[in-house]
Amino acid sequence: MIKKNVIVIGGGAAGFFAAINLAEKNKNYNVSILEKSNKLLSKVKISGGGRCNVTNACFENSELVKNYPRGNKELKQVFSRFNVSDTIQWFENHDVSLKTEEDGRIFPQSDDSETIVNCFLKYTELYHIKIEKNCEVFTIKKIKEKFYLNTSQGEKTADQLIIALGGHPKSGSYDLIKNLGHNIVSPIPSLFTLNLPNEKIKNNLQGLSVQNAEIKLVGQKLKYAGPVLITHWGLSGPAVLKLSAFAAHELFALNYSTKIQVNWAFPNNRQEVEALLFQTKKTHQKSLVRNVALFDLPKRLWEHFCLEAVIEEQKTWQELNNKQMQCLCDLIFCSTYNMEGKTTFKEEFVTCGGVDLKEIDFKTMESKLIKGLFFCGEVINVDGITGGFNFQNAWSTAWICADSLKPYPNQ
């Protein structure tokens, strides 16, 4: 029997998952992983604060795809074949117990990303998958039915090739694929927090969060609700990160300098905010305004709004004039801040951009341009919001790659 050679380029989550599943399905393949650095599974190790957020308990595919600003249409087809339930089952079958937290994020029971890393290393060894570190691929050529790779460790040949290089902030990182004739959508940041260097709200309010606020770009339709966190540099939290992902192109075009607006009392509209303020003025006439925080706002944030509305410390509700009432209403319902710059969210660096989705067959993850060439993970123009969604894309696309490389008959 002649064994066929399959090379996986990239020693990250998608690369390992593709290699292991391929080796499980096809005993007559020689599978190897080439990693240009001396580190394997580096993003797996740091994900979720070192706990590895493997996926999210979003079991309806129609809801799952809504967490992907790019690629949601294509992922419908992908998730129909390998979804969150399949991911959970896969890890359980490979001796990794998982747990679901209140916010839906799923972690290994051990709360340690090394559990995932060790699982992958165990199965690459079990299936005799060759791992070559410090092996950078310089060029790829396809001649007849074979791929020829010029690498830092000499020339290598493959019958089929899986590219799982991950997402990168610089276009040059995709030259290897571009030189094969594929179009690369220029990468730009997709998951970041908003810097408000000259806004008073971040002074002495760091660490405060509002559980249900709505944030939007002024002059744009995009807006997202959820927890918003005040940091020493500006605003963060799930609603902010979701906005940064879905408005990645708009914010890039604005050079991350624009006005943003926050409704701190969401889901209340302006009329409802105003109505409660006037009702409170009637029912708490002699109470100090600063002592009656509305809309479940943190006391220090409420005091900040009172200060901005020029409401003195000893001012009672009955003493408020219409100008102060309207100013307080504006601050609660539509505070406007000047965004000037962004900050990467924790250790996560997610880009949108990569291999053009139109050039990939999502039934197989094979290139439409070059037979025998496959892609998986963040190297393609797919990205998800924080919460385990980027890993789910990696597992699903990698599994389809592996499933698509059917066993060859004995020769």
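For the structure itself, look to the data block above.
Described below are features of the structure shown in this document. Everything numeric in this text was worked out from a predicted model, so none of it was measured. Every chain is numbered independently, its residues counted from 1 as its sequence is written. A pLDDT threshold of at least 70 governs which residues receive local features in this predicted model, and a stricter bar of 80 or more applies before side-chain atom pairs are shown or counted, although totals over entire chains, interfaces and linings include all residues. To obtain the side-chain values, all non-hydrogen atoms of the structure were included, while hydrogens and water were left out.

A word on the pattern of salt bridges. Each reported salt bridge corresponds to a side-chain nitrogen of Lys or Arg within 4 Å of a carboxyl oxygen of Asp or Glu. Per the stated rule, a full pass over the model turns up 19 salt bridges. Among the ionic pairs, aspartate 403 bridges to arginine 81, the shortest N-O distance being 2.5 Å. Of this pair, aspartate 403 sits in helix α13 (residues 389-404) while arginine 81 is found in the loop between α4 (72-79) and α5 (84-93), placing the two residues 322 residues apart along the sequence. A simple rule labels every residue: compare its accessible area, found with a 1.4 Å probe on the protein chains alone, to the largest value its type can have, and call it buried under 20%, exposed over 50%, or partly exposed in between. The class of aspartate 403 is buried, set by a relative accessible area of 17%. Among the residues examined, arginine 81 registers a relative accessible area of 31% and is labelled partly exposed. Aspartate 356 serves as the salt-bridge partner of lysine 358, at 3.5 Å between the closest nitrogen and oxygen. Classification of aspartate 356 as buried rests on a relative accessible area of 9%. Salt bridges here are not isolated pairs; linked through shared partners, they connect Arg51, Lys99, Glu101, Asp103, Arg105 and Asp111. Strands here mean DSSP runs of E at least two residues long; helices mean DSSP runs of H or I at least four residues long; both are numbered from the N terminus.

A separate point is the state of the cysteines. When the sulfur atoms of two cysteines come within 2.5 Å, that pair is taken as a disulfide. Applying the stated rule across the entire model yields 0 disulfides. No disulfide involves cysteine 119; its nearest neighbouring cysteine sulfur is the one of cysteine 52, lying 10 Å away. On the basis of relative accessible area, cysteine 119 is assigned to the buried category, the value being 5%. Between cysteine 329, a cysteine without a disulfide, and cysteine 334, which holds the nearest cysteine sulfur, the sulfur-to-sulfur distance is 7.1 Å.

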